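Examination of the molecular architecture
Here is how the chains run, residue by residue.
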Amino acid sequence: MGGDEDSGVTPDRVISSGLLRSGPANGVVRRPSNDGILWDATNKPTLWTKIAAIALPLSIALVSNFTYMACGGIAQKKYLEFVEDGGGTPSVKDGFWADDRRLPDLLLDVFEQKGLHSSHDSLMLWTKISDVFPQVIGFACLVYLTRRQKYVLANRLMLTQSFLVLLNSVAENITVLPSSYGYDRCLAYLDIEDSSELTFGITPTGSCAAMIWSGHIVNMLIPAHVLGCALEEDYWKGPGRRICGVVKPKTFLMVFLGLIEALILLAARGHYSVDMMLGIMLALLTLTNKSLATIFLLANPFVASMIDPEELELLKMPHEALRNRVRSIRTEAVENEGGGNLSVLQGVSIEVKL
């Protein structure tokens, strides 16, 4: 469904006949696809349907992110109170967490030894950049998808992010890790003197105690992947769509932007290395989960209404049933004049990769 293999209708392929469909004029009509899913070319969606297809997941994304931001203050307050308690010491400055002490971390230790964490002003600058960068990429991705009418990808972008940000909120509040910022810098970031001045509210950049897992990394990799999928469909169609014949454009985009964000976070001391590693793993596992992609698609009835009906039925089929159907079609095609006659594949409207 994600278009992970090169396209092409050949006997050696498992199946790719859904790209073609009988038409009244010349017998064959080539249909457009979006995220590897075939559109219903005979039923043009109304303007209202297009607006609703974007508005619904956008509303879910806004609610999910506001929920995350509201809950972020809980973990933040717990962390500050934990440090201020200090095991009975009279002052934070005399306690274990004095001088912005944090947990041991391999990559952060290297940056600190190189003197890259010595300036408070530079740390705050890199922090702002690390906060803004994923937001800019995410917004640019959504604008591109909307302008190009890639409703499946836009829906996947917003619902995947919503799903992970809600899970992130739960993870952060179940176990509160000492901030990689350090206590004093956390107060400076929040512009307060101690935890008694902390007020709950909506903060777009989250909290200074938002450690497990790195939302910055997740929110960078999701739009990078989705934007890469869109760019592949628009500009790298056909076989051999790899950079230098090795790396797919969407993979390159994910690695490039993800690496930049990770380096910025390390320079900002914004996350522990394990936070970023977990963010990478979760983003990749979620983005490559076809069942989740299908669930997100079917959750938006406006986008689902734009899909070819046969395609929609195939998307709903269990994987094992779909594999069995593909095997039977391949057998028929091979038996029919040695595989040279692919007429038996007419009407099958999805590309399946085994």
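A short tour of the structure in this document, coming up. Nothing here was measured: the structure is a model prediction, and the numbers come from that model. (Residues numbered from 1 in each chain as written. Predicted model: local features only at pLDDT ≥ 70, side-chain atom pairs only at ≥ 80, totals over all residues. Heavy atoms only, no water.)

1. Some points on the overall build of the protein
Within the protein, the regular secondary structure consists of 12 helices and 4 strands. Across the 354 residues of the protein, 47% fall into the buried class. At a minimum sequence separation of 6, the contacts of the protein that also span at least 24 residues come to 80%. As displayed, the protein has an accessible area near 17700 Å², and 63% of this comes from carbon and sulfur atoms. (Helix = DSSP H or I, 4+ residues; strand = E, 2+ residues; numbered from the N terminus. Buried < 20%, exposed > 50% of the residue type's maximum accessible area, 1.4 Å probe, protein only. Contact = heavy atoms within 4.5 Å. Areas by Shrake-Rupley, 256 points an atom, 1.4 Å probe, with all protein chains shown as cover.)

2. A word on the state of the cysteines
For the coordinates displayed, the defined rule picks out 1 disulfide. In this model, Cys186 is linked to Cys208 through a disulfide, with the two sulfur atoms separated by 1.6 Å. Separated by 22 residues along the polypeptide, Cys186 in helix α5 (residues 183–190) and Cys208 in the loop between α5 and α6 (215–235) bring together distant segments of the chain. Taking the relative accessible area as the measure of exposure, Cys186 reaches 0% and is therefore buried. Judged by its relative accessible area of 0%, Cys208 falls in the buried class. Left unpaired, Cys229 is separated from the closest cysteine sulfur, that of Cys141, by 9.3 Å. According to the relative accessible area criterion, Cys229 is buried, its value standing at 4%. (Disulfide = S-S within 2.5 Å.)

3. What to know about the nonpolar core
Grouped together as the largest cluster of nonpolar side chains are 53 residues, with contacts concentrated most on Leu145, Tyr151, Leu157, Leu257 and Leu297. Apart from the residues within four sequence positions on either side, Leu157 is in contact with Gly138, Cys141, Leu142, Leu145, Ile222, Pro223 and Val226. Formed by 14 residues, the second largest nonpolar core is a distinct cluster that contains Cys186, Leu187, Leu198 and Ala209. (Core = buried A, V, L, I, M, F, W, Y, C linked by side-chain atoms within 4.5 Å.)

4. What to know about unusual backbone geometry
Here the residue pair Ile212 and Trp213 is connected by a cis peptide bond, since its omega of -15 degrees sits within 30 degrees of zero. Looking at the secondary structure, you find Trp213 in the loop between α5 and α6. For Asp191, which is not glycine, the phi dihedral falls at a positive 60 degrees. With respect to the secondary-structure elements, Asp191 resides in the loop between α5 and α6. Its identity is not glycine, yet Arg269 carries a phi of approximately 55 degrees, on the positive side. Following the sequence through the fold, Arg269 ends up in the loop between α7 (249–268) and α8 (273–287).

5. A short note on helix α3 (residues 120–147)
Between its first and last C-alpha atoms α3 spans 41 Å; for 28 residues at 1.5 Å apiece the expected length is 40 Å, and the two agree. Just downstream of α3, Gln149 is the residue with a positive phi angle, here 55 degrees. (Expected span 1.5 Å × (residues − 1).)

6. Considerations on the environment of Ala209
Tracing the backbone shows Ala209 in the loop between α5 and α6. Considered as a pair, Ala209 and Gly182 are 27 residues apart in the sequence and their alpha carbons are 9.3 Å apart. Beyond its immediate chain neighbours, meaning those up to four positions away, Ala209 contacts Ala75, Gln76, Tyr79 and Ser179.

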